[in-house]
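Fold and geometry: a report
Letter by letter, the chains look like this.
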Amino acid sequence: MDEDIAIGAAKQAAGRVKRVAGSMVGDTETELSGAADELGGAAERTFGEAKDEARQAIADTPIQPLLTGMVIGLVIGLFLNRR
């Protein structure tokens, strides 16, 4: 498991607590800050999950990601060469 998953989940939970606490005391600034922290944690967790899936895909079929990367590089190179 990627460490971004655990860190993101912790940040998401802390943001949720902060958001709820701000809501309970009527502090809009704290509530919005908590919502932003919660969203950032969710994004970090999702990024970690994507990295895990990419690692698994590469381990299962090592040639496919290599070929995909080559094609993407070729397309980007052709696009940049046109400018």
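To be clear, the structure that these remarks concern was listed above.
The sections below set out a description of the structure shown in this document. Treat the numbers as computed from the prediction; the structure is a model and nothing was measured.

Once that is clear, we can look at the packing of helix H1 (residues 3-25) against helix H2 (residues 28-60). Across the interface, H1 lies against H2 with an axial gap of 7 Å and an inter-helix angle of 165 degrees. As far as their axial angle goes, H2 and H1 are roughly antiparallel. Considering the relative orientation of H1 and H2, their crossing is left-handed. Along the lines of polarity and charge, the residues of the contact of H1 with H2 split into six nonpolar, ten polar and 13 charged.

As a further point, take H2. With 33 residues, H2 should cover 48 Å at 1.5 Å per step; its first-to-last C-alpha distance of 48 Å lies within 8% of that length. Of the positions making up H2, those classed as buried are Gly34, Glu38, Gly41, Ala42, Glu44 and Gly48. Taken together, the buried residues of H2 touch H1.

All right, on to the pattern of salt bridges then. Going through the model one piece at a time under the given rule, you end up with eight salt bridges. Here Asp2 and Lys51 are joined by a salt bridge, their closest N and O atoms 3.4 Å apart. Taken as a pair, Asp2 in the segment before H1 and Lys51 in helix H2 lie far apart in primary sequence, 49 residues in all. Overall, the relative accessible area of 6% leaves Asp2 in the buried class. The exposure class assigned to Lys51 is partly exposed, which follows from its relative accessible area of 26%. Linking Glu38 and Arg16 is a salt bridge whose minimum nitrogen-to-oxygen distance equals 3.2 Å. Placement of the pair is Glu38 in helix H2 and Arg16 in helix H1, with a sequence separation of 22 residues. Through salt bridges with shared partners, a single ionic network connects Asp2, Asp4, Lys51, Asp52 and Arg55.

What counts, and where the lines are drawn
Residues numbered from 1 in each chain as written. Predicted model: local features only at pLDDT ≥ 70, side-chain atom pairs only at ≥ 80, totals over all residues. Heavy atoms only, no water. Axes fitted to C-alpha atoms, helices over the stretch in contact; angles between N-to-C directions. Helix = DSSP H or I, 4+ residues; strand = E, 2+ residues; numbered from the N terminus. Parallel < 35°, antiparallel > 145°, perpendicular 65-115°, else oblique. Left-handed = near helix turned anticlockwise from the far one by under 90°. Nonpolar A, V, L, I, M, F, W, Y, C, P; charged D, E, K, R; others polar. Expected span 1.5 Å × (residues − 1). Buried < 20%, exposed > 50% of the residue type's maximum accessible area, 1.4 Å probe, protein only. Contact = heavy atoms within 4.5 Å. Salt bridge = Lys/Arg side-chain N within 4 Å of Asp/Glu carboxyl O.

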